Amino acid sequence: MQNFDYMTPTRLVFGENAIEKLHDVMAALGKRVLLTYGGGSIKKIGLYDKVKELLKDFEITELSGIQPNPKYDPSVLDGVRLCKENDIEVILSVGGGSVLDCSKAIAAGAKYDGAPWDLITYKVKAQAALPIVDILTLAATGSEYDCGGVISRTETNDKIGYMDPLLFPVCSFLDPRYTFTVSKKQTAAGCADAMNHIIEQYFCEDSTLLNDGFCEAGLKSLMVNARKCLDNPEDYTARAEMMFACTLGCNGIYSLGNSESGWPCHGMEHALSAYYDITHGEGLAILTPRWMRHILSDHTLGRFVKYGVNVFGIDASLPQYEIAEKAIDATYAFFESIHIPMHLREVGIGEERLDEMAHHIAVNEGLENAYVPLTEKDIKEILVASL
Ligand code: NZQ
Ligand code: ZN
């Protein structure tokens, strides 16, 4: 078991009517608020009006139109400018992971005199950040319980994961009813994203019995509940359990004491969505089984056998390689069964830029240090197999 030093300071307020506590939480942080949101889903579900009503005695400045795969230009830059012009004291992010990630970059940029890109690329370490509160409307990323954000810069095809303990939300409000309207596409993609977060932590060199069980339960919960959410989008219990399993995905709690895996599928997917602006969870679902097949070897076999037997209930008495192959097939079949497109071509990615993307990933993502190290040639092979 590896050493660790762990803290997640974010308060979670979970359940029906959670946001009744919003006013008190915000009042402790300041009066001048930057309200951030996306393309309008929060207005359709009545959440925008509810927030405005709850915070009617606050001074609210708005940044709307934050896109999926949030963009440095204009969203981060506009947000930082608005914070500085209006002397903002606290950011309230209402939406999915993209809105929250963008808000994190804004929170750091607002307290820095130079270009926020310096912080996102770690050229400069942030010294301070505005406090962030969020109301989550989409179960997927776990951004509501971690200190990371992923920001895209279109002109350089960069999509960079930016982490800093300053960026943990102060408080995340999680009312599963706000996820009832999430489309089938985004529900399935959210499930695939959260499953991959767990898989990235499960497939490592050194893990514990405790963490393995926790990860296996997380994966089973996500598969069962995502199906229920797709069948009945207003199934409160299923939306609630899916939301909580997603929330735990990215803050390390699934792998405390495990060795690092390098998160190889995320390293590869970030390039796909940087170059082609695809949905993150779909990119992950496509890559995951191909990456699994690529790394299956005598060395990794034990992990696949445990995964196959404990997550998919594959007969433990079968030959080990047969269990592993069945486990990979079952992973693929699950994603396919929730109607995720399972080929890069189906999400608009052909072979034209695979060499360029493989090179970009090999140079920028550090996957030579992954659980199973990946060279540029390995990455290209995984991308080709995903076509
Ligand atoms: O923009 P609006 O109108 O709000 O619509 C959004 C968007 O079109 C819609 N949506 C959100 N809540 C809804 C809803 N539609 C109906 N009803 C609701 N209640 O869903 C669409 C997708 O939203 P988005 O925020 O992009 O999705 P998600 O939460 O999956 O976030 C994806 C982003 O998070 C990053 C990804 O790379 C991607 O950029 N990630 C962030 C992580 C983190 N901070 O820890 C980790 C992840 O691995 C991931 O990389
Ligand atoms: Zn992810």
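Use the structure listed above.
Thresholds, definitions, all that
- Residues numbered from 1 in each chain as written.
- Chains lettered and ligands numbered in written order.
- Predicted model: local features only at pLDDT ≥ 70, side-chain atom pairs only at ≥ 80, totals over all residues.
- Heavy atoms only, no water.
- Patch = residues over 30% accessible without salt bridge, like charges linked within 9 Å, V, L, I, M, F, W, Y side chains within 5 Å.
- Areas by Shrake-Rupley, 256 points an atom, 1.4 Å probe, with all protein chains shown as cover.
- Salt bridge = Lys/Arg side-chain N within 4 Å of Asp/Glu carboxyl O.
- Helix = DSSP H or I, 4+ residues; strand = E, 2+ residues; numbered from the N terminus.
- Buried < 20%, exposed > 50% of the residue type's maximum accessible area, 1.4 Å probe, protein only.
- Donors = N, O, S within 2.8 Å, 3.2 Å for Na, K, Ca; no water.
- Axes fitted to C-alpha atoms, helices over the stretch in contact; angles between N-to-C directions.
- Parallel < 35°, antiparallel > 145°, perpendicular 65-115°, else oblique.
- Left-handed = near helix turned anticlockwise from the far one by under 90°.
- Contact = heavy atoms within 4.5 Å.
- Nonpolar A, V, L, I, M, F, W, Y, C, P; charged D, E, K, R; others polar.
- Phe/Tyr/Trp six-rings, centres within 6.5 Å; stacked < 30°, edge-to-face > 60°.

Draft legend 1. A nonpolar patch on the surface, seen in detail. The grouping of Met1, Phe4 and Tyr6 at the surface amounts to a nonpolar patch, some 340 Å² of accessible area in total. Mapped onto the elements, Phe4 comes out in the segment before β1 (11–14). Judged by relative accessible area, which is 46%, Phe4 ranks as partly exposed.

Draft legend 2. Quick peek at the pattern of salt bridges. A complete count under the given rule lists 24 salt bridges for this structure. Lys71 serves as the salt-bridge partner of Asp277, at 3.5 Å between the closest nitrogen and oxygen. Of the two residues, Asp277 is situated in the loop between α10 (264–276) and α11 (280–295) and Lys71 in the loop between β3 (59–63) and α4 (72–85); the sequence distance between them amounts to 206 residues. Of the charged contacts, one joins Glu351 and Arg345 as a salt bridge, the two residues approaching to 3.9 Å between their closest N and O atoms. Residue Glu351 is classed as exposed on the basis of its relative accessible area, which comes to 52%. A network of salt bridges, in which partner residues are shared, links Glu16, Asp175 and Arg177.

Draft legend 3. Representation of the coordination of the zinc ion (ligand 2) within the structure. The coordination sphere of the zinc ion (ligand 2), as far as protein atoms go, consists of Asp193 (OD), His197 (NE2), His266 (NE2) and His280 (NE2), spread over 2.0 to 2.2 Å. Residue His197 is classed as buried on the basis of its relative accessible area, which comes to 2%. Take His266: its relative accessible area is 8%, and that puts it in the buried class.

Draft legend 4. Inspection of the packing of α11 against helix α15 (residues 376–386) at higher detail. Where α11 contacts α15, the two axes come as close as 9 Å, and the packing angle between them is 125 degrees. One finds that α11 runs oblique with respect to α15. Note that α11 runs across α15; the crossing there is right-handed. Across the interface between the two elements, Ile286, Leu287, Arg290, Trp291 and His294 of α11 pack against Asp378, Glu381, Ile382, Leu383, Ala385 and Ser386 of α15. Considered class by class, the residues forming the contact of α11 with α15 number six nonpolar, two polar and three charged.

Draft legend 5. Main features of the packing of aromatic side chains. As enumerated under the stated definition, the model contains 12 aromatic pairs in all. Aromatic pair Tyr202 and Tyr307: ring centres 6.1 Å apart, planes at 55 degrees, arrangement tilted. Linking Tyr202 in helix α7 (residues 184–202) with Tyr307 in helix α12 (residues 301–312), this pair joins segments that are 105 residues apart in sequence. Tyr307 shares its class with Tyr202; the two are buried. Note on Phe203 and Tyr307: the rings are 5.4 Å apart at their centroids and 70 degrees apart in plane angle, and the pair reads as edge-to-face. Of this pair, Phe203 sits in the loop between α7 and α8 (209–231) while Tyr307 sits in helix α12, and the two are 104 residues apart along the sequence. The two residues Phe203 and Tyr307 agree in class, both being buried.

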